[in-house]
Amino acid sequence: MGTTPTPDDPEAWNAYLAEGNARQARKRVAADVIVRDPAGRVLVVNPDYKPGWDLPGGMAEANEAPEAAARRELREELGLEIVTRALLVVEWVPPHGPWDDQLAFILDGGEITTDQANALRPHDAELTEAAMLAPAEARHLLRTRLLPRYDAALAALKDGQPRYLNDGRALW
């Protein structure tokens, strides 16, 4: 058994840290946004690759921050440039089906103009539709697994308090 290198030898120390890092678990990260218009409607999208409607956003790429992933996805899929304004929800989603666990974020994507809302169209093949709907109407279209996260995000928008969920259950 060898000795643990120290920071006095930067090359050995970095190799030691890299070896430990390679053994650490990796998490999938998803980042969605709540985007509203002046009438209070919420943007929802219909993905081509899975059943049910979703909030706009998607999976982060390697070494991509959640808010950058959300902005990139909206730009790629809808041609929409947004500024993320606040964290609304973080949920730990346990492994399900073929998927490992993930951290799912919902961020406040702010308000777009009525003209922007009316001009929304999918820009790539991943989406078949985009719609601005009243929050309750949007809720009826969303996938069941997303509903606790969506409800928590709307509550966070109202009171300014971000939420943490564990498998759909609010812990705080």
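Residues numbered from 1 in each chain as written. Predicted model: local features only at pLDDT ≥ 70, side-chain atom pairs only at ≥ 80, totals over all residues. Heavy atoms only, no water.

Tallied over the full model, the rule gives two aromatic pairs. For the ring pair Trp13 and Tyr16, a centre distance of 5.6 Å and an interplane angle of 35 degrees mean the geometry is tilted. Residue Trp13 and its partner Tyr16 are both found in helix α1 (residues 10-22); the two are separated by three residues, about one turn of the helix. (Phe/Tyr/Trp six-rings, centres within 6.5 Å; stacked < 30°, edge-to-face > 60°. Helix = DSSP H or I, 4+ residues; strand = E, 2+ residues; numbered from the N terminus.)

Look at helix α2 (residues 66-78): 18 Å from first C-alpha to last across 13 residues, which is about the 18 Å you get at 1.5 Å a residue. Where α2 is concerned, the buried positions are Pro66, Ala69, Ala70, Arg72, Glu73, Leu74, Glu77 and Leu78. Tucked into the core, α2 has its buried residues touching β1 (28-36), β2 (42-47), β3 (57-59), β5 (102-111) and β6 (127-133). At the C-terminal side of α2, Gly79 shows a positive phi close to 65 degrees. (Expected span 1.5 Å × (residues − 1). Buried < 20%, exposed > 50% of the residue type's maximum accessible area, 1.4 Å probe, protein only. Contact = heavy atoms within 4.5 Å.)

Let us now look at the nonpolar core. Membership of the largest hydrophobic core comes to 22 residues, with the highest contact counts inside it found for Val33, Leu43, Leu78, Leu80, Ile112 and Leu120. Only β1, β2, α2, β5 and β6 provide two or more residues apiece to this core. In this structure Leu78 touches Leu43, Val45, Pro56, Glu73, Leu120, Arg121, Pro122, His123, Leu127 and Ala130, once residues within four positions along its chain are discounted. Ranked by size, the runner-up nonpolar core spans 19 residues in total, among them Val42, Leu88, Leu142 and Leu146. (Core = buried A, V, L, I, M, F, W, Y, C linked by side-chain atoms within 4.5 Å.)

With that out of the way, let us pick up the side chain of Thr84. Along the chain, the position of Thr84 falls in the loop between α2 and β4 (86-93). Among the polar contacts listed, one links the side chain of Thr84 to the side chain of Arg71, at a separation of 3.4 Å. Aside from chain neighbours lying at most four places away, what touches Thr84 is Val33, Glu67, Arg71, Leu107 and Asp108. (Polar contact = N/O pair within 3.5 Å; in protein donor to acceptor, adjacent residues only side chain to side chain.)

So, about the pairing of β4. Two elements, β4 and β5, share seven bridges in a ladder whose sense is antiparallel. Bridge pairing in β5 links Val90 to Phe105. Strand direction decides the pairing type here: β4 and strand β7 (residues 163-166), joined by four bridges, are parallel. Bridging from a neighbouring strand, Val90 pairs with Tyr164 of β7. (Pairing = 2+ DSSP bridges.)

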